[in-house]
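# Analysis of the macromolecular model
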Amino acid sequence: MTANRDTDAAWKYHNGTKHSYHSVRVHPHFLDWDNKPLLFKIYPTLEVMRLPKEFKQTGVAALSAIATTNVPVQGEAAPDLEKLAQLLFLSAGVTKSKKYPGGEIFFRAAACTGALYEIELYIVCADLPGLEAGIYHFGAAEFGLRGLRKGDYRQVLVEATATEPAVACAPVIIICTGTYWRNAWKYRSRTYRHFGWDNGTILANLLAVSSALTLPAKIVCAFNDTQVNRLIGVDTQREGTFSIVAIGHTSTVPPSPPGKIEPLELPVVPYSKAEVDYPAMRQMHEASSLVSAEEVAVWRRNDAWQQGATAKTDGIALQPPSDADIPRDAIEQIILRRGSTRKFSQESITFAQFSTMLDRATRGVHTDFLDPLGTLLNDLYLIVNNVDGLASGAYLYAYARDRQELELLKAGNFRKQAEHLGLEQELPADASVDVFFLADLHRVLGRFGNRGYRAVQLEAGGGKLYIAAYAQRVGASGLTFYDDDVVSFFSPHAKGKNAIFLVALGNSAGKR
């Protein structure tokens with residue numbers, strides 16, 4: 001048995017990082033503000049190549065961009081430097097900043113737990129118009145690239161992914177890593193869950209912008225971790241690869257690597273005066289790692305994942321508008337508009353807005369572990385507080401290729417319960433609707449091993465819900481929760497499942 005198939009590790013981590021009314025009081029955590037980590041990875045000995053900041057507008061509606069699961073391949077499709085810069089800026093770039101007496105807060109294109117931005121991006125590319133083949137780190141602080149290796153190393157990733165077709169044909173491959181301490185400073189061992197959520201919001205933006213630029217894009221979760229980490233030279237005690245994205249298409253076969261993969265051992269500006277180690281995060285990452293091409297190929301086998309939750313035949317049908325009637329604000333406008341709502345007004349949203357958010361956010365994702373046409377690992381359970389034309393209550397949302405329906409599990413006003421489930425915060429109580437992502441981890445881990453834990457968290461990041469909400473001038477906020485209490489609330493229907501994420505949606509109090 002490989003480490004990935006020993007799923008006791010995932011259960012140990014998941015159960016050990018659950019929140020409960022008791023745990024948050026018995027194990028309180030106080031932030032050491034004098035030791036808050038630097039929010040950027042900086043290689044002080046490497047020169048920065050600044051990226052262009054002026055981009056051509058795509059004009060593609062955000063609601064259309066997130067609903068496109070896969071751009072058809074039509075000949076050569078490689079981004080030039082400007083398009084690559086646009087992809088990076090709208091996925092992980094700094095979009096605004098706010099000064100305060102103690103310093104300055106930087107906000108990025110994608111939502112992130114605690115605004116700590118622990119996900120780093122690396123680019124492996126062929127020769128592109130305006131950029132030589134090489135391996136680069138994306139420096140969000142300077143909005144630039146630092147070269148780590150010169151030459152075309154894409155073939156290393158082709159081998160690491162067991163010849164994943166999208167990787168083999170991609171002129172650009174983006175590697176996403178998670179930096180443990182930057183998020184663990186606040187969230188301790190629960191950080192590994194956040195790797196998935198925060199990487200997921202970045203990928204929602206990245207895939208939407210790729211679609212708007214007519215660039216094929218695919219998320220790849222099956223790869224040899226050691227090979228990828230060695231290629232980009234990360235210290236695996238502090239940082240590890242979480243996902244890969246293949247961007248574009250070329251018929252040119254990647255050449256052999258230009259040389260042996262020597263260790264980089266490049267100095268990095270320290271994140272803090274001291275780092276606190278939470279071994280459970282690394283143990284979970286190591287337990288979910290794949291160690292050979294054979295294991296990668298087996299993990300990615302093509303048996304379809306069947307949706308777990310289905311609604312009764314007399315369910316309530318959604319009523320999303322047609323493509324011609326959706327709001328037309330472009331994807332780049334929405335990403336720049338997006339925030340994380342800090343207070344909801346308790347005002348209602350329309351049933352059309354509600355339907356559009358669920359419809360557009362669940363049309364599938366192009367990955368190597370799912371059918372791209374709509375099936376997801378998570379089931380969506382809802383607490384509806386104030387949606388026009390829909391009774392308040394708890395619902396199951398059943399989404400499939402041919403039907404999108406709601407099943408009423410229990411009617412009633414559950415604002416008080418929503419507040420409790422959302423770690424006793426007012427946000428879920430004041431929101432119009434709370435979307436809880438729940439997964440049958442027994443099925444997920446049985447099919448994918450511990451690696452499935454990465455995938456289920458990645459999928460539940462809520463990035464598409466954020467975009468769908470802000471495209472309609474509705475607010476959104478991702479939240480944590482009391483794990484077992486969420487499952488109990490939605491049981492008996494949710495019995496045996498596990499809470500993965502929570503997104504609150506509604507009209508923001510004040511200006512949006």
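In what follows, the accompanying structure is described.

## Here's the deal with the overall build of the protein
What the protein contains, in helices and strands, is 19 helices and 16 strands. Relative to its length of 512 residues, the protein is compact, with a C-alpha radius of gyration of 22 Å against a globular reference of 24 Å. Counting across all 512 residues of the protein, residues that qualify as buried make up 59%. Approximately 20,000 Å² of the protein is accessible, and the part contributed by carbon and sulfur atoms is 52%. The averaged location of the 54 negative side-chain charges in the protein is 3 Å from the averaged location of its 54 positive side-chain charges.

## Section: empty space enclosed by the protein
Going through the model one piece at a time under the given rule, you end up with five cavities of 30 Å³ or more. Its boundaries defined by the atoms lining it, the largest cavity holds a volume of some 330 Å³. Along the walls of the largest cavity sit 23 residues, with A361, V365, L458, E459 and K464 positioned nearest its centre. The set of elements that each furnish at least two residues to the lining of the largest cavity consists of α8 (191-212), α17 (451-459) and α18 (463-470). Here the element with the most residues in the lining of the largest cavity is α8; it accounts for four residues. When its residues are assigned to classes, the lining of the largest cavity shows 13 nonpolar, eight polar and two charged.

## Brief notes about the pattern of salt bridges
This structure, assessed with the given rule, holds 19 salt bridges. Among the salt bridges present, the one from R190 reaches D483, with a minimum N-O distance of 3.3 Å. Note that R190 is positioned in the loop between α7 (180-187) and α8 and D483 in helix α19 (residues 483-490), a separation of 293 residues in sequence. For the residue pair R190 and D483, the accessibility class agrees, reading buried in each case. With its nearest N and O atoms 2.8 Å apart, the salt bridge here joins D483 to R193.

Parameters at a glance
- Residues numbered from 1 in each chain as written.
- Predicted model: local features only at pLDDT ≥ 70, side-chain atom pairs only at ≥ 80, totals over all residues.
- Heavy atoms only, no water.
- Helix = DSSP H or I, 4+ residues; strand = E, 2+ residues; numbered from the N terminus.
- Rg over C-alpha atoms; globule rule 2.2 N^0.38 Å.
- Buried < 20%, exposed > 50% of the residue type's maximum accessible area, 1.4 Å probe, protein only.
- Areas by Shrake-Rupley, 256 points an atom, 1.4 Å probe, with all protein chains shown as cover.
- Lys, Arg positive; Asp, Glu negative; His and termini not counted.
- Charge placed at Lys NZ, Arg CZ, Asp CG, Glu CD.
- 1 Å grid on protein atoms, 1.4 Å probe; cavity = no way out; pocket = protein on both sides within 12 Å on 5 of 7 lines; lining within 4 Å.
- Points joined across faces, edges and corners; volume = space filled by probe spheres on them.
- Nonpolar A, V, L, I, M, F, W, Y, C, P; charged D, E, K, R; others polar.
- Salt bridge = Lys/Arg side-chain N within 4 Å of Asp/Glu carboxyl O.

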